[in-house]
Amino acid sequence: MGLGEWIGAALSFLGLPGVLAAMFLIFLLDAALFPALPEVFIVAFYFVLTGTWAWAPAAAVATLLALALAGDLCGNAGLYAIVRRIQDAGRWPRFLERAMKKWTSFLAVSDERVILVNRIAPAVPLTGAFIAVCGWSLSKSLGYVLLGGAVKYVALLAIVLGLGVAFDPDTARLISVVAVVALVVASLVAGWYRRQRMVARA
């Protein structure tokens, strides 16, 4: 059983609305709290939805993209709002603020564009907190969240669709998951290397 089928089976008791809600929550938690491997989940959920909506694959892809981007936006905006409230109350640690600003100063770009670079080589976790602490424009930052997410997720789904045309369904699922995991590992390695260079420069 593939990852998508396993997720679908595990969440089947929720019905389709529950599955869609689970998709949204995973992307929201990834954006707001901790890395949840959204690249792997978007591929897995693609197979869940296309299996359920085999009669309307375009609607399945559009729904998945909408949920992923909505989760990204809500997660980042929600974390931003929480951090801003803490800041307004004067309770955000000064040492942490200085450390976050110093960290971004070592990046190739130190403004909202970091969000786009972060999609390729992660170096800034909990982006919503950085938006608040570094004083970035919320509208521009969320625009970059939307743009970066759309480009990345569309590219991933395009790869999956291409593999689906080239191979039988079972083989396509296996190759898709392996390819996405390889991309995630490459992205994490690039992010680690980038952080090591920044630490060396510091």
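These numbers come from a predicted model, not from an experiment.

1. Observations concerning the side chain of T127
Counting through the fold element by element, T127 comes out in helix α7 (residues 127-133). Leave out the neighbours within four places in its chain, and T127 touches N76, I115 and N118.

2. As for the packing of aromatic side chains
Per the counting criterion, the structure on display carries 2 aromatic pairs. When the ring of F27 is compared with that of Y153, the centres are 5.7 Å apart and the planes differ by 65 degrees; the resulting orientation is edge-to-face. One end of the pair, F27, is in helix α2 (residues 15-32); the other, Y153, is in helix α8 (residues 138-166), with 126 residues separating them in the sequence. Judged by relative accessible area, which is 0%, F27 ranks as buried. Assessed through its relative accessible area of 1%, Y153 is described here as buried.

3. A word on the pattern of salt bridges
Pairing between side chains becomes possible if they bear opposite charge and their charged atoms approach one another. A full pass over the atoms with the stated rule returns 5 salt bridges. Note that D72 is salt-bridged to R119, the shortest N-O span being 3.1 Å. Pair noted here: D72 is in helix α4 (residues 57-88) and R119 is in the loop between α6 (114-118) and α7, with a separation of 47 residues, a long-range link. As far as burial versus exposure is concerned, D72 and R119 are alike and both buried.

4. Some details on the nonpolar core
Ranked by size, the top nonpolar core spans 24 residues in total, and within it M23, I42, Y46, L64, Y153 and L157 carry the most contacts. Secondary-structure elements contributing two or more residues to this core are α2, α3 (38-52), α4 and α8. Every residue in contact with Y153, bar those within four places of it in the chain, is listed here: F27, P38, I42, L65, A68, L69, D72 and R119. Formed by 19 residues, the second largest nonpolar core is a distinct cluster that contains Y80, M100, A129 and I131.

5. Examining a nonpolar patch on the surface
A cluster of nonpolar side chains, namely L29, L33 and F34, defines an oily patch on the protein surface of about 270 Å² accessible area. When you line up the elements, L33 lands in the loop between α2 and α3. A relative accessible area of 54% places L33 in the exposed class.

6. Focus on the packing of α2 against α3
Contact geometry of α2 with α3 gives a least axis separation of 11 Å together with a crossing angle of 170 degrees. Looking at the two axes, α2 sits roughly antiparallel to α3. For the element pair α2 and α3, the recorded crossing hand is left-handed. Residues L16, V19, L20, M23, I26, F27 and D30 of α2 form the contact with α3, whose own contacting residues are P38, F41, I42, F45, V48, L49 and T52. Here the contact of α2 with α3 is built from residues that sort into 12 nonpolar, 1 polar and 1 charged.

7. Here's the deal with unusual backbone geometry
Its identity as a non-glycine residue notwithstanding, L126 has a phi of 50 degrees, on the positive side. Summarising the element assignment, L126 is placed in the loop between α6 and α7.

8. Focus: the environment of L107
The topology assignment puts L107 in the loop between α5 (94-105) and α6. We classify L107 as buried; its relative accessible area is 6%. Residues L107 and V124, 17 residues apart in the sequence, show an inter-C-alpha distance of 9.6 Å.

9. Focus on the side chain of N76
Among the structural elements, N76 can be located in helix α4. Beyond its immediate stretch of four places on either side in the chain, N76 contacts A31, T127, G128, L142 and V145.

10. Considerations on the packing of α2 against α4
Across the interface, α2 lies against α4 with an axial gap of 7 Å and an inter-helix angle of 40 degrees. One finds that α2 runs oblique with respect to α4. The handedness of the crossing between α2 and α4 is right-handed. Contact residues: α2 offers L20, M23, F24, F27, L28, A31 and A32, while α4 offers T63, L64, L67, A68, A70, G71, D72, C74, G75, N76 and L79. Residues that form the contact of α2 with α4 fall into these classes: 13 nonpolar, 4 polar and 1 charged.

Procedures and definitions
- Residues numbered from 1 in each chain as written.
- Predicted model: local features only at pLDDT ≥ 70, side-chain atom pairs only at ≥ 80, totals over all residues.
- Heavy atoms only, no water.
- Helix = DSSP H or I, 4+ residues; strand = E, 2+ residues; numbered from the N terminus.
- Contact = heavy atoms within 4.5 Å.
- Phe/Tyr/Trp six-rings, centres within 6.5 Å; stacked < 30°, edge-to-face > 60°.
- Buried < 20%, exposed > 50% of the residue type's maximum accessible area, 1.4 Å probe, protein only.
- Salt bridge = Lys/Arg side-chain N within 4 Å of Asp/Glu carboxyl O.
- Core = buried A, V, L, I, M, F, W, Y, C linked by side-chain atoms within 4.5 Å.
- Patch = residues over 30% accessible without salt bridge, like charges linked within 9 Å, V, L, I, M, F, W, Y side chains within 5 Å.
- Areas by Shrake-Rupley, 256 points an atom, 1.4 Å probe, with all protein chains shown as cover.
- Axes fitted to C-alpha atoms, helices over the stretch in contact; angles between N-to-C directions.
- Parallel < 35°, antiparallel > 145°, perpendicular 65-115°, else oblique.
- Left-handed = near helix turned anticlockwise from the far one by under 90°.
- Nonpolar A, V, L, I, M, F, W, Y, C, P; charged D, E, K, R; others polar.

Any functional reading would require information that these geometric values do not contain.
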